[in-house]
Amino acid sequence: MVQLTDGVLFGDVWRREGLSPRDRSLITVSVLAATYRPEQLNSHLRLALENGLTRDELVEALTHLAFYAGWPSGMGALTQLKAILDAEAK
């Protein structure tokens, strides 16, 4: 699985020309939050910040998502984002 993740997903899929890494991060964070996948969401929130999404953009996306995917999914994702941002601020 690690080999497929590194080689195919992050090696091939994430490097396709159709979308920027920033856009891929926004989509990935949204799907992981909507399907309540907190284990994977944590690392993808960090990657989203590295790929150029701002704190405000992520907050807005996750708030918007809460109305479509369910409040617990949105709140859980926002709580994870807050913990990441708080840790980075220290």
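Values in this document were obtained by computation on a predicted structure and should not be read as measured data.

Asker: Help me understand the nonpolar core, please; the structure alone is not making it clear to me.
Answerer: Soluble globular proteins tend to bury their nonpolar side chains together. In terms of nonpolar packing, the biggest core is built from 14 residues, with V29, A33, L41, L45, L58, L62 and L81 touching the most fellow members. For this core, the elements supplying multiple residues, two or more each, are α2 (21-34), α3 (38-50), α4 (55-69) and α5 (71-89). Considering every element that reaches this core, the biggest residue donor is α5, with four residues.

Asker: What am I meant to see in α3 here?
Answerer: The first and last C-alpha atoms of α3 sit 19 Å apart over 13 residues, in line with the 18 Å expected at 1.5 Å per residue. Buried within α3 are the following residues: L41, H44, L45 and A48. Along the axis of α3, the buried positions cluster into a sector of 115°, meaning they face one direction only. For α3, the exposed residues lying more than 90 degrees away from the buried face are E39 and E50. Buried residues in α3 make contact with α2, α4 and α5. Remark: G52 follows α3 within two positions and exhibits a positive phi of approximately 105°.

Asker: I keep staring at α2 and nothing clicks. Help me out?
Answerer: Residues three or four positions apart in an α-helix share a direction because the helix packs 3.6 residues into each turn. Its 14 residues place the ends of α2 20 Å apart at the C-alpha level, agreeing with the 20 Å of an ideal helix rising 1.5 Å per residue. When α2 is considered as a whole, its buried residues turn out to be R24, S25, T28, V29, L32 and A33. All buried residues of α2 lie within an arc of 155° about the axis, which places them on one face of the element. Y36 lies just past α2 and shows a positive phi near 50°.

Asker: Explain a nonpolar patch on the surface to me, please; I cannot follow it from the model alone.
Answerer: A surface patch of nonpolar side chains, about 480 Å² in accessible area, is lined by M1, L4, V8, L9 and V13. In this structure, V8 sits in helix α1 (residues 2-9).

Reading guide: rules and limits
Residues numbered from 1 in each chain as written. Predicted model: local features only at pLDDT ≥ 70, side-chain atom pairs only at ≥ 80, totals over all residues. Heavy atoms only, no water. Core = buried A, V, L, I, M, F, W, Y, C linked by side-chain atoms within 4.5 Å. Buried < 20%, exposed > 50% of the residue type's maximum accessible area, 1.4 Å probe, protein only. Helix = DSSP H or I, 4+ residues; strand = E, 2+ residues; numbered from the N terminus. Expected span 1.5 Å × (residues − 1). Arc of directions from axis to C-beta. Contact = heavy atoms within 4.5 Å. Patch = residues over 30% accessible without salt bridge, like charges linked within 9 Å, V, L, I, M, F, W, Y side chains within 5 Å. Areas by Shrake-Rupley, 256 points an atom, 1.4 Å probe, with all protein chains shown as cover. Salt bridge = Lys/Arg side-chain N within 4 Å of Asp/Glu carboxyl O.

Everything listed here is a matter of geometry and, on its own, says nothing about what the molecule does.
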